[in-house]
Amino acid sequence: MNTYPVFRSPDGTDYSCLFHACHPQSGWEWYGFELAETEDGVNIYFGYVMGDENEFGYFSDKEIADVGGHITTDPDDLREILPPIDWTKKEDDDAKEND
């Protein structure tokens, strides 16, 4: 199965997670929902960042790699990660609705 996980934000908007990174020392996490562009082999994502502030924004895989972040882009591995705090996995919400 090569589908990306879908995370549901607190406002009910669904986002496919194409990228996840974490920085173990700082506890920051990046969730990439849209590949905005690629410049010179650097992927720039639009997504959600959990850091000093939790917010949407743009970030690149290069800047995360440069600070030692652990990057995941494989759909199977992405399905194993937890969504951002206060978010849910769409498949979990759908299963609850069908119970």
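Each remark here, short or long, concerns the structure printed above.
Quick caveat: nothing in here was measured; it's all calculated off a predicted structure. (Residues numbered from 1 in each chain as written. Predicted model: local features only at pLDDT ≥ 70, side-chain atom pairs only at ≥ 80, totals over all residues. Heavy atoms only, no water.)

## Some details on the side chain of arginine 8
Logical step 1: Here arginine 8 is to be found in strand β1 (residues 6–8).
Logical step 2: Look at arginine 8 and you get buried, because its relative accessible area is 15%.
Logical step 3: Within the structure, arginine 8 has its side chain in polar contact with the side chain of aspartate 14 (distance 2.7 Å).
Logical step 4: Those residues in contact with arginine 8 that lie beyond four places of it in its chain are Thr13, Asp14, Trp87, Thr88, Lys90, Asp93, Asp94 and Glu97. (Helix = DSSP H or I, 4+ residues; strand = E, 2+ residues; numbered from the N terminus. Buried < 20%, exposed > 50% of the residue type's maximum accessible area, 1.4 Å probe, protein only. Polar contact = N/O pair within 3.5 Å; in protein donor to acceptor, adjacent residues only side chain to side chain. Contact = heavy atoms within 4.5 Å.)

## Concerning the sheet that holds strand β3 (residues 19–23)
Sheet strands associate in pairs through backbone hydrogen bonding, adopting either a parallel or an antiparallel arrangement.
Logical step 1: Pairing is antiparallel in the open sheet, where five strands are placed in the order β6-β5-β4-β3-β7. Each edge of the sheet is formed by a strand with only one pairing partner; in this case those strands are β6 (54–60) and β7 (70–72). The sheet shows a mean angle of 25° between the axes of neighbouring strands, direction not considered.
Logical step 2: The pairing of strand β4 (residues 28–39) with strand β5 (residues 42–50) spans nine bridges and is classified as antiparallel. Its bridge partner lying in β5, threonine 38 is registered against asparagine 43. (Pairing = 2+ DSSP bridges. Axes fitted to C-alpha atoms, helices over the stretch in contact; angles between N-to-C directions.)

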